[in-house]
Amino acid sequence: MPQSAGIISGIQRMVLYETRARYFLVGTNQAQTKHRVLKIDRTEPKDLVIIDDKHVYSQQEVRELLGRLDLGNRTKIGQKGSSGLSRAVSAFGIVGFVRFLEGYYIVLITKRRKMADIGGHSIYKIEDTSMIYIPNDSVRVTHPDEARYVRIFQNVDLSSNFYFSYSYDLSHSLQYNLTLLQRPYELWSSPETSAEEEVQTQSKQDSFDIFEDEGLPTQVVYGIQNEPYYKYVWNGKLLERVKDIVHHDWLMYIIHGFCGQSKLLIYGRPVHITLIARRSSKFAGTRFLKRGANCEGDVANEVETEQIVHDASVMSFTAGSYSSYVQVRGSVPLYWSQDISTMMPKPPIRLDQADPYAHVAGLHFDQMLQRFGSPIIILNLVKKREKRKHEKILSEELYPAVTNLNQFLPPENSIDYIAWDMARYTKSKLCNVLDRLSMIAENVVKRTGFFINRSDFYCHTIRPDDRWGDVGGHITASGRVQTGVLRTNCVDCLDRTNTAQFMVGKCALAYQLYALGMIDKPKLQFDTDCVRLFEELYEDHGDTLSLQYGGSQLVHRVKTYRKIAPWTQHSKDIMQTLSRYYSNAFSDADRQDAINLFLQVYQPSESKPHLWELPTDFYLHQRNTMALLQDRRSYTLWWSDGILSYLPVAYDEVPCEETMKKVKVKRVNRFDESIDIYTEFFKPYEITSFDDTFCIAMTNSAREFMPKTVGVDPSPFTVRKPEETGKSVLANKSSKEETLLQRKTAASAPPPPSEEAISSTSEDDSEEDRDDDGSVSQRSTPIKLLTESGESNRTGEEIHQQQLVKEPYGLNLAEFPSEDDLLTYERFAHLGESQHRVERTECINLANIICLEPVSCFPDDSIYAVSLPQVDRDSRDEFESHVLTGQGQVRVLCRDDMLMYREYVKNRYM
């Protein structure tokens, strides 16, 4: 069966050229070998007229085209001063097209920064954008409120946590993207349309097939182009106007949330841990203004968090080892809200509508069953006991709703409900919150399982772990698939939810590393380099999501619930609480208007009241309040058609007729650049520097967390004391030795984002550091070493260097060396001088310096004439087998191999 591969976007850089009548957007691939042109008319004052040139231009052809456009648009023939075609801006992608009360604007990405790398697919963060008005000034019809709408639209900071990729679908999980490549596409591959035939013919001419001249069949690969999951796409409405007009390469979908990646070094073996959070664009908004759910089952503050672990020593999706685990947070799926007009820190919770048949909850869980499968596990962290009923109102409504929905589901696919008052446990001195959470996490991960694209190791069979046998999920021929998902909520889905998600993620990470063969038991301890790195990722993730929804960073962190937070943390918590209160009271309304306008929930029109004149946005998000429902969903059969028949596997991941409509398949040559991820990642056509690569600047467990002292186990799974970690050593500047250590390790630390290169010199040393260094050398005791004249001529600088050598090597050079050692060193130095002397005027008797004895087993003891050792055939076969294994081509194990492996395990572990 032919392999499958995702299509890489053919437009990754673009330049906008301007004339009086048109904009010309010239897009090119990364190698700048193929170009496309988009023509945007500027003479229409309120309409968007776009012409997509179907022709694929070469570099020479596009230069000639721009030259002709420049010549044809000059005011006078032969004029050189004012060009007819001017370059407006360079960009990396189109966010979309938007119109308020005048003409259309185009929003372009002008700066980007690489944030993560998954299997050679780069993920970028938007750093800056440009918003350009399309119609010419001569046809512009001005409106007095246009500028205000532009300001509101630009209140959505696109440089803050918006991400995109040219070759990886960020709106879907890794499990979906990889299972998509394993579907039997020969059953669904359709002939190409006539519009694409010309482009495909052109690409076949440019590609090169090494088997074509040999008479062998061409190696065919199915190129896959999938429709994004629009719930997590934030510019879907902005591209809706041009989606059916332009080529797919012009469309680039962005997500909002968080993306972070760190490198875990296990004795030098790199394992990348990636955290991706996708914020829903449905019912999106700020804390007190968006609560509960809307009439379509979309909830507020809904975020899908995915942790991806992969062995970075092998890059490709086909040969590499990849694992992922997904969990979800979201507001309680009921009709509820809080009145912020009272200016109270905790406004009272009120239920807006009665929903006795759990209609809105049914719509929400129907979406989850379709995307994740079963079981759906709800972890409800709201309070149970309160003096004045506040959070308890939500639990009293949610539990009956889940019970009502479960009575119609088959028992094996029912929704699990776990209610746990986390705040009450935190206040208790007898209870450990994280121990209880780890028990819940263990139970959840065993129920849902996790995704991995490789089958179990043989060592898991002959040396099984008790926990491993109980792991759920769906086992396939190529690995495991996660079925079901954990849905965590408190009232805000911020502080308590993030800590609970971290504990579940930590438990899942242990199983993922065990499945990848990195650890011998699926369990991770706190205070290890691995968990510290993972905790830092989750805290950045929690802070980012909290800022987006609540207006401040996290108030309660993992350290708060571990009760090891420093006393200064309390003052920071108070400041974050005040910041959150200020944001909710004064700036949330403006941010909500900006989100409504950006997502096109509200579209300005002269016949409608303005956005700032609306008393509430309730009717914008609740569509059924504006019209009568044509068809009402059944209260008993509340799920969509076809979902139950495939459970526990998610309906979206099943290759059925309905899901295959969202996938476009085309047959391409194996060497076609539209699927060549190797060229996309390594860029062999460019001169690149190893120091500038993304993996060098990435957060590194060995560099950031491992202790810098000698004699410490370098394993990232070793429990360390708080004062032993690399970060705490660098943070404590009270002692002089640690100051010197910080200066020594400065070269290995990652550069700040603004720097382009890593400096190898110690230019960042301050004058205070130099004074301190001098004082250290002056206070140290002088060390006397014998020289040829028998005098002591050691300087303070040499003594200072000896002090520095003590830290990394563990040798105390201040001790007086023995005479035998000095004599041996002196002879060694004389031998080195004689070896490197070019012209020798006198005959040197080596026996007077040192007695040389041949120690080599080679016939000729010279670096220029060494006879190579003979290697037998068995050793060569063993080495070739090792190389093939590294390339993912594992040979079949014979009976002798199995016996040998059993004997090794028996002798080693039993």
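Quick caveat: nothing in here was measured; it's all calculated off a predicted structure.

Calculation rules
- Residues numbered from 1 in each chain as written.
- Predicted model: local features only at pLDDT ≥ 70, side-chain atom pairs only at ≥ 80, totals over all residues.
- Heavy atoms only, no water.
- Helix = DSSP H or I, 4+ residues; strand = E, 2+ residues; numbered from the N terminus.
- Buried < 20%, exposed > 50% of the residue type's maximum accessible area, 1.4 Å probe, protein only.
- Areas by Shrake-Rupley, 256 points an atom, 1.4 Å probe, with all protein chains shown as cover.
- Axes fitted to C-alpha atoms, helices over the stretch in contact; angles between N-to-C directions.
- Parallel < 35°, antiparallel > 145°, perpendicular 65-115°, else oblique.
- Left-handed = near helix turned anticlockwise from the far one by under 90°.
- Contact = heavy atoms within 4.5 Å.
- Nonpolar A, V, L, I, M, F, W, Y, C, P; charged D, E, K, R; others polar.
- Pairing = 2+ DSSP bridges.
- Expected span 1.5 Å × (residues − 1).
- Core = buried A, V, L, I, M, F, W, Y, C linked by side-chain atoms within 4.5 Å.
- Phe/Tyr/Trp six-rings, centres within 6.5 Å; stacked < 30°, edge-to-face > 60°.
- Lys NZ or Arg CZ within 6 Å of the ring centre and 35° of its normal.
- Salt bridge = Lys/Arg side-chain N within 4 Å of Asp/Glu carboxyl O.
- Polar contact = N/O pair within 3.5 Å; in protein donor to acceptor, adjacent residues only side chain to side chain.
- Patch = residues over 30% accessible without salt bridge, like charges linked within 9 Å, V, L, I, M, F, W, Y side chains within 5 Å.
- Lys, Arg positive; Asp, Glu negative; His and termini not counted.
- Charge placed at Lys NZ, Arg CZ, Asp CG, Glu CD.
- pLDDT = per-residue confidence, 0-100.

Engineer: Explain the overall build of the protein to me, please; I cannot follow it from the model alone.
Structural biologist: Across its full length, the protein carries 27 helices and 25 strands. Going through the 910 residues of the protein one by one, you find that 46% of them count as buried. Total accessible area computed for the protein in this model is approximately 47,800 Å², and 52% of it derives from carbon and sulfur atoms.

Engineer: It is not clear to me how the packing of helix α9 (residues 433–448) against helix α11 (residues 495–515) should be interpreted in this structure. Could you clarify?
Structural biologist: Two numbers describe a pair of packed helices, the interaxial angle and the distance between the axes. Contact geometry of α9 with α11 gives a least axis separation of 8 Å together with a crossing angle of 55°. The orientation of α9 with respect to α11, classified from their angle, is oblique. For α9 against α11, the interelement crossing comes out right-handed. Of the residues in α11, those in contact with Leu434, Leu437, Ser438, Ala441, Glu442, Val445 and Lys446 of α9 are Thr499, Ala500, Met503, Val504, Cys507, Ala508 and Tyr511. Considered class by class, the residues forming the contact of α9 with α11 number 10 nonpolar, two polar and two charged.

Engineer: What exactly am I supposed to notice about the sheet that holds strand β2 (residues 13–18) here?
Structural biologist: As a general point, the strands of a sheet are linked pairwise by backbone hydrogen bonds and lie either parallel or antiparallel. With respect to topology, five strands assemble into an open sheet ordered β5-β4-β3-β2-β6, the strand pairing being antiparallel. Every other strand in the sheet has two partners, leaving β5 (50–57) and β6 (86–91) as the edge strands with one partner each. Across the sheet, the mean angle separating the axes of adjacent strands is 20° when strand polarity is ignored. Where β2 and strand β3 (residues 22–28) come together, six bridges link them in antiparallel fashion. Bridge pairing in β3 links Val15 to Val26.

Engineer: Where do I start with α11 in this structure?
Structural biologist: Given 3.6 residues per turn, any residue in an α-helix points the same way as the ones three and four places further on. In this model, α11 (21 residues) spans 30 Å end to end at C-alpha, consistent with the 30 Å of a helix rising 1.5 Å per residue. Counting buried residues along α11, 21 of its 21 residues qualify, which places the element largely inside the surrounding structure. Trailing α11 by a residue or two, Gly517 shows a phi angle of about 80°, which is positive.

Engineer: What is the right way to look at the nonpolar core in this model?
Structural biologist: Where a protein is soluble and globular, its nonpolar side chains tend to be buried together. Counting 55 residues, the largest nonpolar core has Leu437, Phe450, Phe502, Leu509, Leu513 and Leu524 as the members making the most contacts within it. Listing elements by their share of this core, those giving two or more residues are β12 (255–266), β13 (269–279), β14 (303–311), β18 (376–380), α9, α11, α12 (529–550) and α13 (558–562). At 12 residues, the largest contribution of residues to this core is made by α11. Those residues in contact with Leu513 that lie beyond four places of it in its chain are Leu264, Val271, Val309, Met518, Ile519, Leu524, Cys530 and Phe717. If you look at the next biggest cluster of nonpolar residues, it comprises 33 residues, including Tyr133, Val150, Leu158 and Leu611.

Engineer: What is the right way to read the sheet that holds strand β1 (residues 4–6) from this model?
Structural biologist: Spatially, three strands are ordered β1-β11-β24 in an open sheet, and the strand pairing comes out mixed. Bordering the open sheet on either side are β1 and β24 (663–669), each of which pairs with just one other strand. Going across the sheet, the axis of each strand differs from the next one's by a mean of 35°, ignoring polarity. Here β1 runs beside strand β11 (residues 220–226); their pairing, made up of three bridges, is parallel. Of the residues in β11, the one forming a bridge with Ser4 is Tyr222.

Engineer: Mind showing me how you'd approach the packing of aromatic side chains here?
Structural biologist: Aromatic ring pairs are described here by two measures, namely the spacing of the ring centres and the angle between the planes. For the coordinates displayed, the defined rule picks out 30 aromatic pairs. Ring geometry for Phe100 and Tyr149: centres 6.1 Å apart, planes at 15°, overall stacked. On the criterion of sequence distance, the pair formed by Phe100 in the loop between β7 (93–99) and β8 (104–118) and Tyr149 in helix α2 (residues 146–153) is long-range, its members being 49 residues apart. Tyr149 shares its class with Phe100; the two are buried. An aromatic cluster of at least three residues, connected via ring pairs, comprises Phe100, Tyr105, Tyr133, Tyr149, Phe153, Phe162, Trp234, Phe598 and Trp612. A cation sits over an aromatic face here: Arg148 above Trp612, 4.0 Å from the ring centre.

Engineer: Explain the pattern of salt bridges to me, please; I cannot follow it from the model alone.
Structural biologist: Pairing between side chains becomes possible if they bear opposite charge and their charged atoms approach one another. Going through the model one piece at a time under the given rule, you end up with 34 salt bridges. The residue Asp470 makes a salt bridge to Lys446 at a minimum N-O spacing of 3.9 Å. Pair noted here: Asp470 is in the loop between α10 (458–462) and β21 (474–476) and Lys446 is in helix α9, with a separation of 24 residues, a long-range link. A salt bridge links Asp527 to Arg532, with the nearest nitrogen and oxygen atoms 3.4 Å apart. Residues joined in a network through salt bridges with shared partners are Arg278, Glu304, Glu306 and Arg371.

Engineer: Is there a simple way to think about the packing of helix α6 (residues 359–372) against helix α7 (residues 392–406) in this case?
Structural biologist: Between α6 and α7, the shortest axis-to-axis distance is 10 Å and the interhelical angle comes to 65°. As summarised for this structure, α6 and α7 are arranged roughly perpendicular, according to the angle between their axes. Once α6 is placed against α7, the crossing between them reads as right-handed. Along its contact with α6, which presents Ala361, Gly362 and Phe365, the element α7 presents Ala401, Val402 and Leu405. Partitioned by chemical class, the residues of the contact of α6 with α7 number five nonpolar, one polar and no charged.

Engineer: What is the right way to read the environment of His172 from this model?
Structural biologist: Along the polypeptide, His172 turns up in the loop between β10 (162–164) and α3 (174–180). For the pair formed by His172 and Asn226, sequence separation is 54 residues and the distance between their alpha carbons is 9.8 Å. Setting aside residues up to four positions removed in sequence, His172 forms contacts with Asn177, Asn226, Glu227, Pro228, Tyr229, Arg278, Glu306 and Arg371. At 3.4 Å, the side chain of His172 and the backbone oxygen of Glu227 are in polar contact.

Engineer: I'm lost on a positive patch on the surface in this one. Help?
Structural biologist: Taken together, the side chains of Lys346, Lys387, Arg388 and Lys427 make up a positively charged region of the molecular surface. Relative to the helices and strands, Lys346 resides in the loop between β16 (336–338) and β17 (349–351). Lys346 sits in the partly exposed class, given a relative accessible area of 48%.

Engineer: For this particular structure, what's the right way to read the pairing of β7?
Structural biologist: Where a strand is regular, its side chains alternate between the two sheet faces. The buried fraction of β7 amounts to six of the seven residues, a majority that puts the element mostly inside the structure. Sheet topology note: the β7/β8 ladder contains six bridges and is antiparallel. From the neighbouring strand, Phe97 faces β8, where its bridge partner is Ile106.

Engineer: When you look at the confidence of the model for the protein in this model, what are you seeing that I'm missing?
Structural biologist: Low pLDDT marks stretches whose predicted atomic positions should not be read closely. The pLDDT averaged across the protein works out to 81; a share of 77% of its residues lies at or above 70. Mean pLDDT in the protein bottoms out at helix α22 (residues 767–779), which sits at 36, and peaks at β10, which reaches 97. Within the model, pLDDT remains below 50 along residues 191–216, and this stretch shows 26 contacts once partners closer than five positions in the same chain are excluded. Predicted confidence for residues 858–864 stays below pLDDT 50, and this span has eight contacts to residues more than four positions away or in other chains.

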